[in-house]
Amino acid sequence: MFRRFSFIIAAALLAVACGRPVSPQDRLLAHESQIDAIIAQMTLEEKVEMLHSKTNMSSAGVARLGIADMHYADGPFGIREEGVPDGFQSAGWQLDSATYFPTGSALAATWSEDLAYLYGKGMGIESRLRGKDVILGPAINIQRLPVGGRTYEYLSEDPALSAALAMRYTRGLQDQGTAVCIKHYAVNNQETNRGSVDAQVDERTLREIYLKPFERAVVEGGAMCVMPAYNKVNGYYCSENEHLLNEILRDEWGFKGYTLSDWGGTHSTMGAMLHGLNVQMTGSNYLGQPVIDSVRTGALTEELVNEKVRQILRVRLAVEAVPDDVANTRMTSQPECQEIARKVAERSIVLLKNEGGLLPLRKDIRRIAVIGQNAVLPTQSGGVGAGVKALYEITPLEGIRRRAGAGIGVDYAPGYRNYPGRRRPSAPDPLVASAIDEPADPALLAEAVALAREADLVIFFGGTNKNIETEGSDRADIQLPAGQNEVVAALYAANPNLVSVLISGGPCDLRSLEPNSPAIVQGWWNGSEGGTALAEVLFGDIAPSGKLPFTFPAKLEDSPAFALGNFPDKTAGGDLFTLRYREDMLKMTPAERQAFLESLPKPVSKYTEGALVGYRWYDTKGVKPMYAFGHGLSYVRFGYGEMNASVSGEVVKVSFELTNEGGMEADEVVQLYVSRPDATVVWPAKELKAFARVRLGAGEKKTVSLEIPVRDLRYWNVQTGAWDLEHGRLELLLGAASDDIRRRAEVSI
Ligand code: BGC
């Protein structure tokens, strides 16, 4: 064991001596001799105390040796409210209201590495105020299914976009002195049976699609903690998956920090100890006394325990503990971070459609009818772990009212009933739906139509909520809930000046809404300043510049996993997170519990679509989506000049002139895709390889340069078990969206 570490130190020293930059992971090796001394003084019991939870959101240090406990908090969109020591119930604190940052898909819609860094910075600042050492985020799995319960937490369906943002979020947060815990490693793309499903994915797809965001966050971002997911990958639980945790994460990527299981996601002592887990969250039934017993009987070595403790101590010593009398003495939410939340929200909003020039709103509008409960319902909480107790949240209606000022009347009607999911009200409530697919409520509909008739313009707020899109379950479909389609049709008949704004984290089926909405905006769950940002865009103070980080399919059945019958799998399995807290399970003896868990069915999710996830599928199969990956309009037009392309050394370089042809400042997100006309290996029709967000004043021109490192063009060769480059022609496709390619060029590599 020690030989392995001396080798790592020697390698790091050699890298420095040769002038090579020390990798962000190697920074965790700064305290090795101090760690040797600490470990030498620890008893076996003290070491094992560090391998499991102490409270629901902490794991132990060694008080006797001045090593502080590790304090955790969710993540990823705000520092979660303080819970009681043994659970998630609120501790009832006063100073733990945080900034609510836009959710994952909204951040990804900015396509901005700079904003991802700032976002991480904001999370880092507030985590320090709360005395947290590790934030359970960012959540960076690929959005494989439009119905995915955590699509809103995750970033994108594309690995390059997800990876760039995950890496920068990680750096932004860790630069503030707190560690990230990137999650959920890996292939956690569905909530259905998430605690037991076996994601069966081929090695090439695993490497090129599902692991990319994790790889960049670890290798380039220097992520210090990794959370193995609940599910299995190719037969083994992620928390005891030798291939994922030891072979790839540690041996290939050089990860030097520690892994902590998802809550309730540890499954055995030997599996976890031997195959890469450091800390069981939560409980100690696997990585507590059984580890001590196993060392005593010789089934496990104390060296292995030492190695795990060392990996935890590296992070402990890299992250300065916030003293108890300093933490939680100021309100968590800080103006600087609220400003970051606003900047992200402003750049995330996607203008999907703008016919008849309804947007930006005309200056002579005097009366606006805002219809739909999604204009007034806060979105900070719900969705289980990722909820935030926000210091404040500007809803869309508040944002519009503030911006409209005294000169414009803004009326509001709920329009439809809100679907509560499992959170049923105790008494009947006229504003709460009893079924997700119930028809429109006639009284609410009539009230909304009356307001629409009187108004110069109608803004309809539809979409989902965090009872529908939530951790723990996937959506049954992507239909708009509770009669929203009927409501929008009636509103449009009453007043065709209608803008629809979708407030959701994932895509919805827009086939019915589309013909009744000349303008459509994707407004997301956009954080504390979401309403402010939305009003700025609607009123034209800023031009919209978000681009879709995932495809809006025309219909669910078009999407790859559905088209191939890979999802849904009808096996009823079990969400171990939920099961863990089941009353009857808590009363079981360990043996009974084990037998019960083993009696559960063994659901499987086959990934036979391979790399054809998201737009890779639609493009390759020629299936037209409702709105394509990367789509998003502006209030101005952008001109794309001739593209110059060359290969210089190990980099493909592209430059072109981008012109803002409109009358206001605006950002464009330029996207560079690659297709391979000569390929002998199978490839998707095209893949995103570079992008940039560019700000241009009215009429301004800029030369934009993009680069693709040649190593990013490699594929995973399953024969050799290594990355390989296929030489030949590359077609470079430059555009404003995956379906809006403006310039083409060819190079050879
Ligand atoms: C979620 C994690 C979260 C953890 C702690 C789990 O249910 O999957 O994302 O960090 O709970 O709240």
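Keep in mind the model is a prediction, meaning the values are calculated, not measured.

1. Regarding the site of the ligand
Neighbouring residues of the ligand: 15 residues in total, closest Asp74, Arg150, His184, Asp262 and Glu471. In the environment of the ligand, an oxygen atom lies 2.8 Å from a nitrogen or oxygen atom belonging to the side chain of Arg150. Asp262 has a polar side-chain atom sitting 2.7 Å from an oxygen atom of the ligand. Relative to its free-state accessible area of 310 Å², the ligand is covered by the protein chains to the extent of 99%. Tallied by class, residues from the shell around the ligand come to seven nonpolar, one polar and seven charged.

2. Concerning the pattern of salt bridges
What the rule picks out here adds up to 53 salt bridges. The shortest N-O distance in the salt bridge between Lys212 and Glu215 comes to 3.1 Å. With Lys212 and Glu215 both in helix 8 (residues 212-219), this residue pair falls three residues apart, about one helical turn. Between Glu707 and Lys653 there is a salt bridge; the shortest N-O distance is 4.0 Å. Linking Glu707 in strand 23 (residues 701-709) with Lys653 in strand 20 (residues 651-660), this pair joins segments that are 54 residues apart in sequence. For Glu707, a relative accessible area of 48% translates into the label partly exposed.

3. Regarding the environment of Trp723
In this structure, Trp723 sits in strand 25 (residues 722-724). Looking at Trp723, the relative accessible area reads 22%, which means it is partly exposed. When the C-alpha positions of Trp723 and Val233 are compared, they lie 21 Å apart, and in sequence the two are 490 residues distant. In contact with Trp723, not counting residues within four places along its chain, are Arg207, Glu208, Lys212, Glu215, Arg714, Tyr715 and Trp716.

4. So, the domain arrangement of the protein
Accessible area lost when the parts come together is the quantity often used to give the size of an interface. Each assigned domain of the protein is listed here: domain 1 (2-8 + 35-318), domain 2 (349-538) and domain 3 (636-748). Each of domain 1 and domain 3 has a C-alpha centre, and these two points are 33 Å apart. In this complex, domain 1 contributes 16 residues to the contact, which on the side of domain 3 involves 13 residues. A buried area of about 1,300 Å², summed over both sides, lies between domain 1 and domain 3, and 63% of it is on carbon and sulfur atoms. Across the domain 1-domain 3 interface, the total number found is zero salt bridges. At the junction of domain 1 and domain 3, the tally comes to three residue pairs in polar contact (both at pLDDT 80 or more).

5. Some thoughts on the environment of Gly87
Along the chain, the position of Gly87 falls in the loop between strand 3 (70-74) and helix 4 (104-109). Note: C-alpha distance between Gly87 and Glu398 (311 residues apart in sequence) is 34 Å.

6. A few points about unusual backbone geometry
A negative phi angle is the norm for most residues apart from glycine, just as the trans form is the norm for most peptide bonds. Residue Leu359 is joined to Pro360 through a cis peptide bond whose omega torsion reads -5°. Relative to the helices and strands, Pro360 resides in the loop between strand 11 (350-354) and strand 12 (367-371). Cis geometry marks the peptide bond from Phe567 to Pro568, where omega comes out at -5°. Note on placement: Pro568 falls in the loop between helix 18 (560-563) and helix 19 (576-580). One non-glycine residue, Trp111, lies in the positive phi region at around 45°. With respect to the element layout, Trp111 can be found in the loop between helix 4 and helix 5 (113-129). What makes Trp111 buried here is its relative accessible area of 1%.

7. Here we look at the sheet that holds strand 21 (residues 666-675)
Taken in spatial order, the four strands make up an open sheet running 22-21-26-27, and their pairing is antiparallel. Only two strands of the sheet have a single neighbouring strand rather than two, namely strand 22 (687-696) and strand 27 (740-748). The mean inter-strand angle of the sheet, taken between neighbouring strand axes irrespective of direction, is 20°.

8. Digging into the pairing of strand 21
Within a regular beta strand, the side chains point alternately toward one face of the sheet and then the other, so they alternate between its two faces. Summarising burial for strand 21: ten of the ten residues are buried, a large majority. Both faces of strand 21 are covered, namely the face carrying Ala666, Glu668, Val670, Leu672 and Val674 and the face carrying Asp667, Val669, Gln671, Tyr673 and Ser675. As paired elements, strand 21 and strand 22 share nine bridges and run antiparallel to each other. Within strand 22, the position partnered with Val669 by the bridge is Arg693. Alignment of strand 21 against strand 26 (residues 729-737), held across five bridges, turns out to be antiparallel. Counterpart to Val674 in the pairing with strand 26 is Leu732.

9. Focus: helix 16 (residues 484-494)
Turning to helix 16, its buried residues are Gln484, Asn485, Val487, Val488 and Leu491. Burial along helix 16 is one-sided: seen end-on, the buried residues are contained in an arc of 160°. Buried residues belonging to helix 16 abut strand 12, helix 15 (442-454), strand 14 (457-463) and strand 15 (498-503).

10. A closer look at the packing of aromatic side chains
The full count for this structure, using the stated rule, is 19 aromatic pairs. For the ring pair Tyr640 and Phe656, a centre distance of 5.6 Å and an interplane angle of 5° mean the geometry is stacked. A residue pair is termed long-range when its members are at least 10 positions apart, and Tyr640 in strand 18 (residues 638-640) and Phe656 in strand 20 qualify at 16 residues. With respect to class, Tyr640 is no different from Phe656; both count as buried. Here the aromatic cluster, defined as three or more aromatic residues joined through ring pairs, consists of Trp111, Tyr615, Phe629, Tyr673 and Phe691. One residue, Lys232, lies across the ring of Tyr237, its end atom 4.9 Å from the ring centre.

11. Brief notes about the environment of Glu157
You can see Glu157 is positioned in the loop between strand 4 (134-136) and helix 6 (159-174). It is 43 Å that separates the C-alpha atoms of Glu157 and Ile39, two residues lying 118 residues apart in sequence. Separated by 2.7 Å, the side chains of Glu157 and Thr551 make a polar contact. Of the polar contacts made by the side chain of Glu157, one reaches the backbone nitrogen of Tyr615; its length is 2.8 Å.

Procedures and definitions
- Residues numbered from 1 in each chain as written.
- Predicted model: local features only at pLDDT ≥ 70, side-chain atom pairs only at ≥ 80, totals over all residues.
- Heavy atoms only, no water.
- Near = heavy atom within 4 Å.
- Polar contact = N/O pair within 3.5 Å; in protein donor to acceptor, adjacent residues only side chain to side chain.
- Areas by Shrake-Rupley, 256 points an atom, 1.4 Å probe, with all protein chains shown as cover.
- Nonpolar A, V, L, I, M, F, W, Y, C, P; charged D, E, K, R; others polar.
- Salt bridge = Lys/Arg side-chain N within 4 Å of Asp/Glu carboxyl O.
- Helix = DSSP H or I, 4+ residues; strand = E, 2+ residues; numbered from the N terminus.
- Buried < 20%, exposed > 50% of the residue type's maximum accessible area, 1.4 Å probe, protein only.
- Contact = heavy atoms within 4.5 Å.
- Domains from an automatic or database assignment.
- Buried area = accessible area lost by both parts, 1.4 Å probe.
- Pairing = 2+ DSSP bridges.
- Axes fitted to C-alpha atoms, helices over the stretch in contact; angles between N-to-C directions.
- Arc of directions from axis to C-beta.
- Phe/Tyr/Trp six-rings, centres within 6.5 Å; stacked < 30°, edge-to-face > 60°.
- Lys NZ or Arg CZ within 6 Å of the ring centre and 35° of its normal.

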